Every structure is written in C-alpha cells, then in structure tokens.
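What follows is the residue order along each chain.
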Amino acid sequence: MMEKNTSEGPACSSEETASESAKVPTAEPPGEVAVSESTREEQVPKPQAPDPQAPTASTATKPAPPSEDVPSAPLLLTLEDVSSSSVTVSWEPPERLGRLGLQGYVLELCREGASEWVPVSARPMMVTQQTVRNLALGDKFLLRVSAVSSAGAGPPAMLDQPIHIRENIEAPKIRVPRHLRQTYIRQVGETVNLQIPFQGKPKPQATWTHNGHALDSQRVSMRTGDQDSILFIRSARRSDSGRYELTVRVEDLEAKAVIDILVIEKPGPPSSIRLLDVWGCNAALQWTPPQDTGNTELLGYTVQKADKKTGQWFTVLERYHPTTCTISDLIIGNSYSFRVFSENLCGLSTSATVTKELAHIQKADIAAKPKGFIERDFSEAPSFTQPLADHTSTPGYSTQLFCSVRASPKPKIIWMKNKMEIQGNPKYRALSEQGVCTLEIRKPSPFDSGVYTCKAINVLGEASVDCRLEVKASATH
C-alpha cells in the first residue's frame, strides 16, 4: 500500500511545459499541489504552420505499448474533503502494476466547459492521496487519476460527479439577548436600539418585519453586518409597539427570532368622580376608569384629600385598584375636596379628577351621660405575706430580721422579745416601709438570743409572726 502524504507544489499543463521549455517547474514534496491562475483559464492550442522537415504521421507514430507493460486503472477513487479553497482525493493501487513497475500517479482536472485535461502536478507522484489547494470559489471541474509506468500511463479512474468549490455552509443561528426575551418596554420619545447577534456562513441575509409587514423605512432603520443586525428607532411612538420578527437566511436554511416591543406613556385621569355619601367622619367616593391607559395596564389609583381651610393635598390611598372607596378619620367641622390620579409604569397621570362637591363633616349633638362612680373599699385586716425566719448570728456583728405585712388602713407595728416589747431600746432599730418590716439588732451578744415577734394592728384586726434568734458565742481555746 502506498503511503498517503500532503504537500504543496505548482501546477502547470503539459502544453505549457512543452511550449515554455525555459521555465523549469519547482520541485515540491509529493502529495499536495497548488493550482495557479494559468490553469484556471481555458487553454486553446494555437494553430501552427506545418514544418516541411517534420516526420510524417506514419514515421512519427510510435507503436502502442503492450497492455502488460502499463498498469491498470487505480481503484476506489474517493473524494475525501472539499473546502472553500481545496479538494482532497484518495485511491487504492491498481490490480495490475505492469511488467515494468509503477513510477507513480498523475492527477488531472478538467474544468467545466473545457475539453482538455490538465495535470495538477509536474511529475508523477508515488502517493495515494493528494490535496489540491488555492482553488477559487465557484470553480467546477472533474478529477481523474492514472497510474504511470516507464511504458506510459494506464487507463484513468474518474469521479462520477463534478466537484463544485463553494464556501462552507453553516446553518444560521440567532442569539437573542436575555433582556429581549420578554416584552421590551420603552416610553414615548425614547430611542429603540436593538442589536441582535447571529451566526452563519456564508454571510446570512437578514430581514425584519413588523406585525407581519415590511418595516417603515421613514421611521425605522436597519443595518446588518457579518455577525449582527441592528434595528433603530430614533423617537418611539405608540404605533411602534408590536411584534418584530428577524429572519436570517443562508441559502435554503433560515432562523427566526421574535421580539415584542411595547411603547407606553402616562395614562389619562379618571373620566369622572362623584361624592356618594357623607356620614359621621366618613365620605364615600366613586370614579370611572380613564379612557386612555397609556398603552399598558394600570397599576392602580392614588386618592388624595384637601381641607378647605388649608388647601393642602394629602395622599390617602396609593395604587388602589377598585373604583370606589371610603375615606375615614375626617375631622369634625371641616369641609373636604377629593381628587384621584391614574397610575401605570410611567407614573401618575399628568392631571387628576376632582370632586365638584365638598364633603362637610357636621358636628353631632351628643350629650355625655357620665355613669355614677362606685368607690371600692380596700380596707383589710393585717396579714403577713412574708413571715419571719429563724436566724443564727455571730456576737459583735449586727443582724436584721425581715417580714412583710399587708393591711388597710396602715397598721401599727410592734416588736417583742420573748413577748416583751422592745420599743425605745437603743439596741434595736425598727423600720417599716411599703409593708416591709425590719428589726436591726446592733452588735448582738448571747444574751440577745430568744424568740422575736412582729405584731401588726389596725382597726380591723391584728396579726403576728415570730422567729428564733440564736447568737452563738465564739469558741475559746
């Protein structure tokens, strides 16, 4: 099997080699050849005057070589690849190489409309794959290959169909930007500038339509480059809203993209408004929707009130959807006007609809009827909520006894030791504040040990609690 290579070399015809003997073809590595401009032109042989010294046809004609000396036709001639400037073909060696051996292969092409075959290489090449480069777009030709021995060229193997050099076709694709995949909203007077990138080879043809019709060239401009198409509207109008469709075509292939554009403006005010009723500190309103919503849905209504005295407007409701409402918390004795704005994505309507009548909040004749006050009796006999607790103390360190009592009226507090009153004794200090009773014993000694009692007395009764105090003498060594 022959080795398959690729290289590049000049192309020339057999007639050019014979007529221009002064030019010697540049040797190139076998397997890849380039077609020059001269081979693309149809070659027409020039008539020549007969030479009297030329040999006659009978003497000049050489006998045909025997069929055993020339190789047979190559096998399985296959078109491997066709690009925009090159062609690659391959084949298999012939079944019969001939008695004199194989010297190589000659690849020839015949252009459409021409009758002669032009070799694409200057000499036979010992390869079974060749790439012909530097072809021009639009070329159409046939290819054949022959095996060559020293006795001559054998019969050729030829492709069944002609080869057409065309630019590689890439199916068109449109890449719609993310922000254009939903409705594209612009306000009246703003510019619309859409840049839509696409792919495709050769250069695609792009067309735009608006709601299925051709664009108005006086209002909309369109520019298409190699990789994108731009739609531009200098000052948008509401009539520019609708569905825009971009179609990109490459021969019989096409891709489409749809972009929805909505051009909006501020809405008109409500058509009418009236005051339905006034009662207490409330007023009921009703209005009708605006005739012009600004080419988009309303976001709601804004209701405001104004006092006749000040004339200042204050917002009561925002983005309110119903067309009836009740205004509450109005001040008695004042008169009010009301107005309503419409609102959409562009904002509030330029003007508002105002009520013709004033809502007068009347003063009601209401007589206050106070109820009789029943005074509650909080009188209570004394009761201890926190009793005294037994306590152990150290001699020489002051100690305190605590308890809490509840009583009304305020009770009298009496402290006793071993059931003997200790009032007026400077060793003891008694305190009573907010029902908390405290007895402080200053520097107690073992003599101060005993049972201490706290007694509370008022007009409704008395109560007492007691505890044991133990003052331990310090141990002596």
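Residues numbered from 1 in each chain as written. Predicted model: local features only at pLDDT ≥ 70, side-chain atom pairs only at ≥ 80, totals over all residues. Heavy atoms only, no water.

As annotated in an unreviewed UniProt entry, the chain carries the name Myosin-binding protein H and is attributed to Gorilla gorilla gorilla. Looking at the chain in UniProt, the text filed under Sequence similarities (unreviewed entry) is "Belongs to the immunoglobulin superfamily. MyBP family." (UniProt positions renumbered as here; feature names shortened; annotations may be inferred.)

Caption draft 1: Examining the packing of aromatic side chains more closely. Within the structure shown, the criterion is met by four aromatic pairs. Each ring, one from W287 and one from Y301, has its centre 5.6 Å from the other, and the planes form 70°; the classification is edge-to-face. Placement of W287 in strand β21 (residues 282-287) and of Y301 in strand β22 (residues 300-307) is noted, with a sequence separation of 14 residues between them. As far as the burial class goes, W287 and Y301 line up, both buried. Here W287 falls in the buried class, since its relative accessible area comes to 3%. A cation over an aromatic ring shows up here: K417 above the ring of F447, its NZ or CZ 4.7 Å from the ring centre. (Phe/Tyr/Trp six-rings, centres within 6.5 Å; stacked < 30°, edge-to-face > 60°. Helix = DSSP H or I, 4+ residues; strand = E, 2+ residues; numbered from the N terminus. Buried < 20%, exposed > 50% of the residue type's maximum accessible area, 1.4 Å probe, protein only. Lys NZ or Arg CZ within 6 Å of the ring centre and 35° of its normal.)

Caption draft 2: Molecular detail of the sheet that holds strand β37 (residues 461-471). The strand order β30-β37-β36-β32-β33 describes an open sheet built from five strands, whose pairing is mixed. Across the chains shown, the open sheet's two edge strands, defined by having one partner strand only, are β30 (391-393) and β33 (420-421). Sheet topology note: the strand β32 (residues 412-417)/β33 ladder contains two bridges and is antiparallel. When the sheet's bridge partners are listed, M416 is paired in β33 with E421. (Pairing = 2+ DSSP bridges.)

Caption draft 3: Looking closely at the nonpolar core. In this structure, I174, L194, I196 and I261 are the most contacted members of the largest nonpolar core, which totals 22 residues. Counting only elements with at least two residues in this core, the list comes to β13 (192-201), β14 (205-210), β17 (228-233), β18 (242-250) and β19 (253-264). For this core, the element with the most residues is β19, which contributes five residues. When neighbours within four sequence positions are excluded, L194 is seen to be in contact with L180, Y184, S229, I230, L231, I259 and I261. (Core = buried A, V, L, I, M, F, W, Y, C linked by side-chain atoms within 4.5 Å. Contact = heavy atoms within 4.5 Å.)

Caption draft 4: The arrangement of the pairing of strand β20 (residues 273-279) in detail. In this sheet, β21 lies alongside β20 in antiparallel orientation, the contact comprising six bridges. Bridged to L275 within β21 is L285. Connecting the antiparallel pair β20 and β21 is a turn made up of two residues, with G280 showing a positive phi of about 55°.

Caption draft 5: Focus on the sheet that holds β20. Overall, antiparallel pairing links the three strands, which are arranged β20-β21-β24 in an open sheet. Each edge of the sheet is formed by a strand with only one pairing partner; in this case those strands are β20 and β24 (324-327). The average angle at which neighbouring strand axes cross in this sheet is 20°, direction not considered. As defined by bridge partners, β21 adjoins β24 across four bridges and the pair is classed as antiparallel. Looking across to β24, one finds that A284 is bridged to T326. (Axes fitted to C-alpha atoms, helices over the stretch in contact; angles between N-to-C directions.)

Caption draft 6: Main features of the environment of F384. Here F384 shows up in strand β29 (residues 380-386). Given the relative accessible area of 18%, F384 is considered buried. Residues F384 and R406 lie 22 residues apart in sequence; the distance between their C-alpha atoms is 6.2 Å.

Caption draft 7: Structural view of the pairing of strand β16 (residues 220-224). Pairing between β16 and β17: five bridges, direction antiparallel. Across the sheet, residue V220 finds its bridge partner in β17, namely I233. Between β16 and β17, which pair antiparallel one after the other, the connecting turn spans three residues.

Caption draft 8: Structural view of the pattern of salt bridges. What the rule picks out here adds up to 14 salt bridges. K203 is the partner of D226 in a salt bridge, and the nearest nitrogen-oxygen pair spans 3.7 Å. With D226 in the loop between β16 and β17 and K203 in the loop between β13 and β14, the pair connects residues that are 23 residues apart, well separated along the chain. Looking at D226, the relative accessible area reads 56%, which means it is exposed. For K203, a relative accessible area of 48% translates into the label partly exposed. The salt bridge partner of E254 is R249, with a shortest N-O separation of 3.1 Å. Given a relative accessible area of 41%, E254 falls into the partly exposed group. The class of R249 is partly exposed, set by a relative accessible area of 36%. (Salt bridge = Lys/Arg side-chain N within 4 Å of Asp/Glu carboxyl O.)

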